[in-house]
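Structural overview
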Amino acid sequence: MVDTDFLTYTLKNGIRVIHQFADSPVAHLGILINTGSRDETEMEHGLAHFIEHSVFKGTKKRKAFHVLSRIEDVGGELNAYTTKEETTLYSTFLAEFYERAAELLADILFNSTYPEKELNREKEVIAEEINSYKDSPSELIFDEFEELVFDGHPIARNILGTTENINKFNRKAILQFIENNYHTNQMVISSVGKIDFEKLIKVVEKYFGEVGEKKREKKRERFELYVPVERFLEKDTFQTHCVVGNIAFDITHPKRNVMVLLNNLLGGQSMNSRLNLALRERKGMAYNIESNYTAYSDTGLFNVYFGTDRDNFEKAYKLVLKEFKLLRDKKLGAVQLSKAKKQLVGQIAISTESREDLMLTIGKSYLLYNKVDPLRVIFDKIESITAEELMEVANVVLDEKCLSRLVYQ
């Protein structure tokens, strides 16, 4: 690739590879698949996540214990996660064990046997995961807010599924879902570590290259009909929990980077975000206050979450709306805008110091866009954002008439 440190390659079966050399004893390798919970049918709700758990339960040549021990015996780690639109399997290990990690990832992805005995045991594990989630209202409220906003659409359903659905799953259902959704042209192998690219390609060709080609374009039901809605639910909690938000821009929208900057300014990870200053630092009304922006392939979601004492709820909510109004009505000055940009640029630069995060980030970018922008290009895009663009986006996404709200009281 030109003007970047990332090297790319495509196997004959359509699986893409992206690599960045890192002079470190620790390496990271993962495979990202463009399939998540939104690709399930209603009857399959929870199946993508169930498969992510079940790939570790034995292959044609390994029992579950041997799958886990293969990389852990040499001090490495094996992990996986599922989102609404992706499934990722990845490993962290000493760089001398690159081939061992690649062989293991290929084995569990393409040769898992999904024995019914292991599946039944894993159903109990996931049931406990679901129950633990229900015990955490500050986490559960995000899923229920998405169900509220995307009501009736596949993207609305939570990733974990329901215990009723999960208990119905079997090996046949898993294999059918994989056949329908795991296509080689929708996979990316991502690597960050101390290995020459030519050697990496030989290893990848050896273990992933013999897999038969399965190509299919990803077709998803688009989300189009958003209607703002408000819901209050009685919960036995000490605090009142609230999420308020709106649909936002998809992953290819030209204003997506503006939305990222706006979100970071409003309630990002820094203690000096506008919402943190307004609710926590000045008023002491909240311990947790944050805003989030998630871009999907056809839509996006912006939300603000806070938890506060019941007596302070209305005051806190009005403060949130006040910050929304300020961003809609008052253009940022040159100094404010410059500070906001520098803060975001710094956060992005620091995040790349985690090589595991870098491996996952470049893999996802290559999966979705078939390219990875170098940092200097990303920074230039941020620097080009104007105060007028921020106001324009604020007036679209932070419009009070378009806000949905979910409250646990």
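Residues numbered from 1 in each chain as written. Predicted model: local features only at pLDDT ≥ 70, side-chain atom pairs only at ≥ 80, totals over all residues. Heavy atoms only, no water.

Let us now look at the packing of aromatic side chains. In the structure shown here, the tally under the stated rule is 10 aromatic pairs. Geometrically, the ring pair formed by Tyr-81 and Tyr-90 is edge-to-face, given 6.0 Å between the ring centres and 65° between the ring planes. With centroids separated by 6.2 Å and ring planes inclined at 20°, the aromatic side chains of Phe-313 and Tyr-317 adopt a geometry described as stacked. One end of the pair, Phe-313, and the other, Tyr-317, are both in helix α11 (residues 313-329), 4 residues apart, so they sit about a helical turn from each other. Residue classification places Tyr-317 among the buried residues on the basis of a relative accessible area of 11%. (Phe/Tyr/Trp six-rings, centres within 6.5 Å; stacked < 30°, edge-to-face > 60°. Helix = DSSP H or I, 4+ residues; strand = E, 2+ residues; numbered from the N terminus. Buried < 20%, exposed > 50% of the residue type's maximum accessible area, 1.4 Å probe, protein only.)

So, about the packing of helix α2 (residues 64-72) against helix α3 (residues 98-110). The contact between α2 and α3 brings their axes to 10 Å, and the two run at 160°. Classified by the angle their axes make, α2 and α3 are roughly antiparallel. When you trace α2 past α3, the crossing you get is left-handed. Side by side, α2 and α3 meet where Val-67, Arg-70 and Ile-71 of the first sit next to Arg-100, Ala-101, Glu-103, Leu-104 and Ile-108 of the second. (Axes fitted to C-alpha atoms, helices over the stretch in contact; angles between N-to-C directions. Parallel < 35°, antiparallel > 145°, perpendicular 65-115°, else oblique. Left-handed = near helix turned anticlockwise from the far one by under 90°. Contact = heavy atoms within 4.5 Å.)

Within this structure's numbering, the places UniProt gives as "domain: Peptidase M16 C-terminal" (unreviewed entry) are residues 168-344. End C-alpha atoms of residues 168-344 are separated by 45 Å, and the span's content is 40% helix alongside 20% strand. (UniProt positions renumbered as here; feature names shortened; annotations may be inferred.)

To continue, consider the layout of surface pockets. Of the voids in this model, the second largest pocket is the one considered here, and its volume is about 510 Å³. Along the wall of the second largest pocket there are 19 residues; nearest its centre are Leu-265, Asn-272, Arg-274, Leu-277 and Gln-336. The set of elements that each furnish at least two residues to the lining of the second largest pocket consists of α10 (274-281), α11 and α12 (334-351). Looking at the lining of the second largest pocket residue by residue, the classes come out as 7 nonpolar, 4 polar and 8 charged. (1 Å grid on protein atoms, 1.4 Å probe; cavity = no way out; pocket = protein on both sides within 12 Å on 5 of 7 lines; lining within 4 Å. Points joined across faces, edges and corners; volume = space filled by probe spheres on them. Nonpolar A, V, L, I, M, F, W, Y, C, P; charged D, E, K, R; others polar.)

Looking at the secondary structure, you find Ser-190 in strand β6 (residues 187-193). Engagement of the side chain of Ser-190 in a polar contact is seen with the backbone oxygen of Met-359, the distance being 2.6 Å. Excluding residues that lie within four positions of it along the chain, Ser-190 makes contacts with Ile-18, His-28, Leu-29, Gly-30, Leu-32, Met-359, Ile-362 and Gly-363. (Polar contact = N/O pair within 3.5 Å; in protein donor to acceptor, adjacent residues only side chain to side chain.)

This part is about the domain arrangement of the protein chain. Segmenting the protein chain into domains produces domain 1 (7-209) and domain 2 (230-408). For domain 1 and domain 2, the distance between their C-alpha centroids amounts to 28 Å. Listed as interface residues are 39 residues of domain 1 and, on the opposing side, 38 residues of domain 2. Buried surface at the junction of domain 1 and domain 2, both sides included, amounts to about 3300 Å², of which 71% is carbon and sulfur. There are 2 salt bridges connecting domain 1 and domain 2. (Domains from an automatic or database assignment. Buried area = accessible area lost by both parts, 1.4 Å probe. Salt bridge = Lys/Arg side-chain N within 4 Å of Asp/Glu carboxyl O.)

Think of an α-helix as turning once every 3.6 residues; residues three or four places apart then point the same way. In this model α3 runs 18 Å from its N-terminal to its C-terminal C-alpha over 13 residues, within 8% of the 18 Å that 1.5 Å per residue would give. Of all 13 residues in α3, 10 are buried; the element is thus mostly enclosed. Where α3 is concerned, the buried positions are Tyr-98, Ala-101, Ala-102, Glu-103, Leu-104, Leu-105, Ala-106, Asp-107, Ile-108 and Leu-109. (Expected span 1.5 Å × (residues − 1).)

Moving on to the sheet that holds strand β7 (residues 230-233). As a general point, the strands of a sheet are linked pairwise by backbone hydrogen bonds and lie either parallel or antiparallel. Taking strand neighbours across the sheet as the criterion, the 5 strands line up as β7-β11-β8-β10-β9 in an open arrangement whose pairing is mixed. The sheet is open, and its two edges are formed by β7 and β9 (289-295), each paired on a single side. Going from strand to strand, the sheet's axes swing by 15° on average, the running direction of each strand aside. Examined bridge by bridge, β7 and strand β11 (residues 404-408) share 4 bridges and lie parallel to one another. Pairing of Glu-230 across the sheet is with Arg-405, part of β11. Against the sheet, helix α5 (residues 137-149) engages β7, β8 (240-248), β9, β10 (300-308) and β11, with an angle of about 145° to β11. (Pairing = 2+ DSSP bridges.)

Under the criterion given, the structure shown has 26 salt bridges. One salt bridge in this structure joins Glu-103 and Lys-61, with 2.7 Å as the shortest N-O distance. Here the residue Glu-103 occupies a position in helix α3, and Lys-61 occupies one in the loop between α1 (47-54) and α2, the gap between them amounting to 42 residues. For Lys-61, a relative accessible area of 57% translates into the label exposed. Here Glu-118 and Arg-121 are joined by a salt bridge, their closest N and O atoms 2.9 Å apart. Here the residue Glu-118 and the residue Arg-121 both occupy positions in helix α4 (residues 116-134), the gap between them amounting to 3 residues, near one helical turn. Linked through salt bridges whose partners overlap, the residues forming this network are Arg-38, Asp-39, Glu-85, Lys-218, Arg-220 and Asp-298.

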